[in-house]
Amino acid sequence: MVIYPELVPLLPLLLSGIALPLTAILRIDEKLKRNIACIVACIAHAIAMILLFLPTGLVWVTQKEVIVRSFIKGSILSTLYVDSISTFFMLIFFLVGLIVSIYSWRGLEPGIRAELYYALICLLTTGMTVLCMVGDFISFFAAWELLSISIYALVCSKRDDVLAMEAAFKYMMLSCIAAILMIYGLSILYGYTGHFDFIGLQRALSASIPYTVHLALALLIITFCFKAAIVPFHTWAPDVYQASIDPITALLSGATTKAGVYGIMRLLSISRLSPELILSLGVLSVATMTIGNLSAILQRDIKRLLAYSSISHMGFVIMGFATLNPLGLAAALFHSLNHAIMKPLAFLSLGNMRLIAGDTTEEKLRGIGRRMPVTTMCLMVSLLSLMGIPGLNGFVSKFMLILAAFHAGLVWLAIAGIVNSAIAVAYYIRVMQIVLRGTSGAAKAEVPMSLLLPVIALAVMCLVLGIIPAPVISWALSASELALMGKP
Amino acid sequence: MMHAPFATFAITSSALLIVGFWALIVKRDAIRAIMAIEIMFHGANLLLMSFTLYAVVPDVTGWSAIIVLISVEACVIAVMLAMVFNVFRRYRSLDTALLRRLRW
């Protein structure tokens, strides 16, 4: 029997995803069961992360070479394809999964079956990791559906909540249509090239390709844009973000939208997208930023406001793809990582405030800053970073994105980015004003340490990446040069 | 063995997609919505099948891909039915027009 060292980071996650539901039959105390589930999930994510960064880990191996393996001899299905793009996204997924697992220990509302909840989180991370590792589109589709199914179930994890049920149902219906478009795209791609695997497709698509294949690529991009909540396909996002519980909102905006970004990145690396498609990505980016920002201004519920701001930030990420130069792609990757740190930070600190204030509407949150100094501090770090204040990580990647747009000669795109950054400041300042001004009169009421710890860790990461971004940028640059290799 | 021409498959597949989409938009019943989604899935599979049947280089990859896709879709439909069951238990109705509480 052959053991593939690349698959080892996957094992703890997959095993805990399978084993945790089995603890439901144990006749032990609910609280003990919850603790066990939380510890298992946290350890699984931590092990996966450590294995990724070991001296023999995938991060360092993929810097030198691209790992390609086939599990079934002679078959091009079920292949493994790991490069530095994959490891970059795996870092994002493990990081968000770990933070959310730690937060959910105390942050989970009563009435949610903890063992099933954690099993689903582990399966979600497994699905996203497999998505990054596979080398053909059929396994890719299977992993895509694994992560989608886990997230549908997680969205309605509060079983009796009507809003969550409704949001999950909507999300599921729309997501299924997107998946169908993906199968159509894959069929056309297979019909014209005879390949599902990335290497074969790369070879087949490097020559001039017929116009029908561009249609297939467009269909795939639509599917990925749907997952990433890009504007014409964003309608599910605010509802789902608002209705699901806070850790799951953090997971959705931090990790699963990045699965769509990974898809677009992979498509860029294996094919030469036509100039029209690239231009339409730019147009979608401008539309996403503008509509996300303008809708955010109108919101009265802070969580929904942050959901719209999350959409506008995904527009910034897509902007990097539209530039199609190494700097732009690196900036898109870096902004994905930053978004995966800033947005969970914002949603989790908001979750802490919800525990004290009862809700996240404007009225309830007025003056909460005096009562919860640490949480408010972390929320401020996140908002300043989302705004793009120099010294925090959001600034570095936004600056890179706008610079890349100028380099690519897309002045309109760069100007749209700058204008939208300015619009965004308006509603972030409003959130700060709501939280900081006024006195609620009540005594200090900070949440327990286990809820503060993940939030503080994310805030520290924001600061560290803002001051020393160089290692991550060089990693992202190597990944983006790999993606653009052999293209004009 | 003779097959119908490729165009027949392609047209049937697109017809299934359109019928499914139309049903999804027009019908307000949750079970019918699921059936519409399933019809669309079948349309997509049919297109892949016809491409495999008429491949320039005969290959088993397409067939194995179809089997994988069908099994994955079965899982998706099962989860969907579970969710509809959950909605039904709450509302005692399958009318999707009731799901209107989240509006901005």
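Refer to the structure above for everything that follows.
Sequence positions are assigned chain by chain, starting from 1 and proceeding in written order. To label them, take the chains in the order written and letter them from A, then take the ligands in the order written and number them from 1. At least 70 in pLDDT is required for a residue's local features to be given in this predicted model, at least 80 for side-chain atom pairs to be given and counted, and no such filter applies to totals for whole chains, interfaces and linings, which use all residues. The side-chain quantities take in all heavy atoms of the structure and omit both hydrogens and water.

K.L.:
Got a minute to help me understand the layout of surface pockets in this structure?
P.N.:
In this approach the atoms are scanned with a rolling probe the size of a water molecule, which exposes any empty space left behind. Here the second largest pocket is characterised by a volume of approximately 490 Å³. Within this scheme a cavity is a closed region of a 1 Å grid, computed over the protein atoms alone, that accommodates a 1.4 Å probe without allowing it to escape, whereas a pocket is open but has protein on both sides within 12 Å along at least five of seven lines; lining residues each have an atom within 4 Å of a point. As for the second largest pocket, its lining consists of 17 residues, of which A:Leu120, A:Ala153, A:Cys156, A:Arg159 and B:Asn86 are closest to the centre. We count a stretch as a helix when DSSP gives it H or I for four or more residues in a row; a strand needs E for two or more, and each element gets its number in order from the N terminus. Where the lining of the second largest pocket is concerned, the elements lending two or more residues are helix H5 (114-133) and helix H6 (137-155) of chain A together with helix H3 (61-91) of chain B. Of the residues forming the lining of the second largest pocket, the biggest block, six residues, is contributed by H3(B). Grouping the constituent residues of the lining of the second largest pocket by class yields 11 nonpolar, three polar and three charged. Grid points are joined across faces, edges and corners, and a volume is the space filled by probe spheres set on the points. Residues are grouped as follows: Ala, Val, Leu, Ile, Met, Phe, Trp, Tyr, Cys and Pro are nonpolar; Asp, Glu, Lys and Arg are charged; every other residue, Gly included, is polar.

K.L.:
Would you mind showing me how to read the packing of helix H14 (residues 326-357) of chain A against helix H16 (residues 373-387) of chain A here?
P.N.:
Packed helix pairs are characterised by how far apart their axes lie and by the angle those axes make with each other. Residue and element names in this part refer to chain A. Direction vectors running N to C along H14 and H16 enclose 150°, while the axes themselves pass 9 Å from each other. With respect to H16, the element H14 is oriented roughly antiparallel. Crossing of H14 over H16 shows left-handed handedness. Contacts between H14 and H16 pair Met342, Lys343, Leu345, Ala346, Ser349, Asn352 and Met353 from the former with Thr375, Thr376, Cys378, Leu379, Val381, Ser382, Ser385 and Leu386 from the latter. Axis lines are fitted through C-alpha atoms, for helices just across the contact stretch, and the angle between N-to-C directions can take any value from 0 to 180 degrees. Throughout, the term roughly parallel applies to angles under 35 degrees, roughly antiparallel to angles over 145, roughly perpendicular to angles from 65 to 115, and oblique to all others. Take the far helix as your reference; a near helix turned counterclockwise from it by less than a right angle gives a left-handed crossing, and one turned clockwise gives a right-handed crossing. Here, two residues are considered to be in contact whenever any of their heavy atoms come within 4.5 Å of each other.

K.L.:
Hey, could you run me through the interface of chain A and chain B in this one?
P.N.:
Accessible area lost upon the coming together of the parts is a frequently used measure of interface size. Taken together, the contact pairs 39 residues of chain A with 44 residues of chain B. Roughly 3700 Å² of surface becomes buried between chain A and chain B when both sides are summed, with 81% attributable to carbon and sulfur atoms. We define a salt bridge as a contact between a side-chain nitrogen of Lys or Arg and a carboxyl oxygen of Asp or Glu at a distance within 4 Å. Where chain A touches chain B, the interface holds zero salt bridges. Polar contacts, as used here, are pairs of N or O atoms within 3.5 Å; protein pairs need one atom able to donate a hydrogen and one able to accept it. Residues neighboring in sequence count only if both atoms are side-chain atoms. Our enumeration of links across chain A and chain B arrives at two residue pairs in polar contact (both at pLDDT 80 or more). Breaking the side of chain A that touches chain B down by element, the ones donating at least two residues are H6, helix H7 (162-193), helix H10 (236-243) and helix H13 (302-323) of chain A. Looking at the side of chain A that touches chain B, the element that brings in the most residues is H7(A), giving 20 residues. When the residues that make up the side of chain A that touches chain B are grouped by side-chain class, the tally is 28 nonpolar, five polar and six charged. Summed over both partners, buried area is the accessible surface (1.4 Å probe) that two parts give up on being assembled.

K.L.:
Whenever I open this one, the packing of aromatic side chains confuses me. Can you help?
P.N.:
Aromatic rings considered in pairs are described by the distance between their centres and by the relative angle of their planes. Residue and element names in this part refer to chain A. Under the pairing criterion, centres of Phe, Tyr and Trp rings, with the six-membered ring standing for Trp, must be within 6.5 Å; the plane angle then separates stacked pairs below 30 degrees from edge-to-face pairs above 60, leaving the rest tilted. Under the criterion given, the structure shown has 26 aromatic pairs over all chains. Considering the side-chain rings of Phe89 and Phe93, the 6.4 Å spacing of their centres and the 40° angle between planes classify their relative orientation as tilted. In this pair, Phe89 and Phe93 both sit in helix H4 (residues 84-107), four residues apart, roughly one turn of the helix. Look at Phe395 and Phe399: their rings are 5.6 Å apart centre to centre, the planes differ by 25°, and that puts the pair in the stacked class. Here Phe395 and its partner Phe399 are both found in helix H17 (residues 393-407), four residues apart, which amounts to about one turn of the helix. Overall, Phe395 belongs to the partly exposed group, its relative accessible area being 28%. By definition, being over a ring means that NZ of Lys or CZ of Arg is both within 6 Å of the ring centre and within 35 degrees of the ring normal. It is Arg106 that lies over the ring of Trp105; its NZ or CZ is 5.7 Å from the centre. Looking at Lys227, its charged tip hangs above the ring of Trp144, at a distance of 5.5 Å from the centre. Throughout, exposure labels follow a simple rule: accessible area from a 1.4 Å probe, protein chains only, divided by the maximum for the residue type, with under 20% read as buried, over 50% as exposed, and the rest as partly exposed.

K.L.:
Would you mind going over a nonpolar patch on the surface with me for this structure?
P.N.:
Residues and elements named next belong to chain A. Together, Leu26, Ile28, Leu32, Ile36 and Val40 give the surface a local cluster of nonpolar side chains, amounting to about 360 Å² of exposed area. Here Leu32 lies in helix H2 (residues 30-53). Owing to a relative accessible area of 43%, Leu32 belongs among the partly exposed residues under this scheme. The patches described consist of residues with a relative accessible area above 30% and no salt bridge, like charges being joined within 9 Å and nonpolar side chains (Val, Leu, Ile, Met, Phe, Trp, Tyr) within 5 Å. Note that accessible areas follow from Shrake-Rupley with a 1.4 Å probe, and for residues the cover is restricted to the protein chains shown.

K.L.:
So what exactly am I meant to see when it comes to helix H20 (residues 470-483) of chain A here?
P.N.:
All names here are of chain A. Helix length check: H20 (14 residues) gives 20 Å between terminal C-alpha atoms against 20 Å at 1.5 Å per residue, within 8%. Within the sequence span of H20, burial applies to Val472, Ile473, Trp475, Ala476, Ala479, Ser480 and Ala483. The arc enclosing the buried residues of H20, seen along the axis, measures out at 160°, which places them on a common side. Across from the buried face of H20, at angles greater than 90 degrees, the exposed residues are Ala470 and Pro471. To estimate the expected span of a helix, subtract one from its residue number and multiply by 1.5 Å. Here, the arc refers to the directions that run from the helix axis to the C-beta atoms.

K.L.:
What is the right way to look at the state of the cysteines in this model?
P.N.:
Two cysteine sulfurs form a disulfide in these notes if their separation is within 2.5 Å. Across all of its chains, the model carries zero disulfides over all chains by this definition. With no disulfide partner, A:Cys132 has as its closest neighbouring cysteine sulfur the one in A:Cys122, 16 Å distant.

K.L.:
Explanation requested: the nonpolar core in the structure shown.
P.N.:
In globular proteins that are soluble, nonpolar side chains generally tend to be buried together. The term nonpolar core refers to a set of buried residues drawn from Ala, Val, Leu, Ile, Met, Phe, Trp, Tyr and Cys, joined through side-chain atoms within 4.5 Å. Counting 214 residues, the largest nonpolar core has A:Phe89, A:Tyr117, A:Phe137, A:Phe140, A:Phe321 and B:Ile37 as its most contacted members. At 18 residues, H7(A) tops the list of elements feeding residues into this core. When neighbours within four sequence positions are excluded, A:Tyr117 is seen to be in contact with A:Val100, A:Ser104, A:Leu108, A:Ile112, A:Leu154, A:Ser157, A:Ile245, A:Pro247 and A:Ile248.

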